[in-house]
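Notes for the structure review
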Amino acid sequence: MELSESVKIRVRFSEVDSIKMVWHGSYVAYLEDAREAFGRKYGLEYKTILKNMSYAPIVDLNLQYKQMVSVDDELIVKIFFVPSKGGKICFKYEVYNAQNNALVLTASSIQLFTDLDGNLDPMPEWFEDWKNRYNCNV
């Protein structure tokens, strides 16, 4: 079972740079919007992680820019959960221009779990239960 979600985003003026294209750092916020939507859909919200006495900081983030977009362009950000061993959250992303379906960006992220003191937690029990519920074990 593939776990995925998508969000639609309209590029705001404040997100473009001096050459009128989306500033590279704005894409990080778009990916965050997709992670939040995924979390709401599948019960993996940040508040759920915190309720389970965990943090899940991003430890790896890769972006590959394919095409430029500008203010008022609509984007579709697709997020896909990538099953992996152990206690980490891995996602792949695809960002498309909604007007012409052109691929704008691909990305991936990895989050590791820590306890509230910042100590690595290789597999929180609650996350193992979550993976079992969605049949996301490798």
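Right above here is the structure, for reference.
Residues numbered from 1 in each chain as written. Predicted model: local features only at pLDDT ≥ 70, side-chain atom pairs only at ≥ 80, totals over all residues. Heavy atoms only, no water.

**Looking at the pattern of salt bridges**
Inspection of every chain in the model, using the stated rule, returns five salt bridges. Lys41 serves as the salt-bridge partner of Glu5, at 3.8 Å between the closest nitrogen and oxygen. Note that Glu5 is positioned in strand E1 (residues 4-10) and Lys41 in helix H1 (residues 26-42), a separation of 36 residues in sequence. Given a relative accessible area of 22%, Glu5 falls into the partly exposed group. What makes Lys41 partly exposed here is its relative accessible area of 45%. Its salt-bridge partner being Arg12, residue Glu15 comes within 3.2 Å of it at the nearest N-O pair. Taking relative accessible area as the criterion, Arg12 reaches 52% and is therefore assigned exposed. Through salt bridges with shared partners, one network takes in Lys8, Arg10 and Glu74. (Salt bridge = Lys/Arg side-chain N within 4 Å of Asp/Glu carboxyl O. Helix = DSSP H or I, 4+ residues; strand = E, 2+ residues; numbered from the N terminus. Buried < 20%, exposed > 50% of the residue type's maximum accessible area, 1.4 Å probe, protein only.)

**Some thoughts on a nonpolar patch on the surface**
A contiguous nonpolar patch, built from Leu50, Met53, Tyr55 and Leu116 and spanning about 370 Å² of accessible area, is present on the exposed surface. Position of Leu116 among the secondary structure elements: in the loop between strand E7 (114-115) and helix H3 (125-133). (Patch = residues over 30% accessible without salt bridge, like charges linked within 9 Å, V, L, I, M, F, W, Y side chains within 5 Å. Areas by Shrake-Rupley, 256 points an atom, 1.4 Å probe, with all protein chains shown as cover.)

**Observations regarding H1**
With 17 residues, H1 should cover 24 Å at 1.5 Å per step; its first-to-last C-alpha distance of 25 Å lies within 8% of that length. Residues of H1 that are buried include every one of Ser26, Tyr27, Tyr30, Leu31, Ala34, Arg35, Ala37, Phe38, Gly39 and Tyr42, and no others. Phi turns positive, to about 70 degrees, at Gly43, one or two residues after H1. (Expected span 1.5 Å × (residues − 1).)

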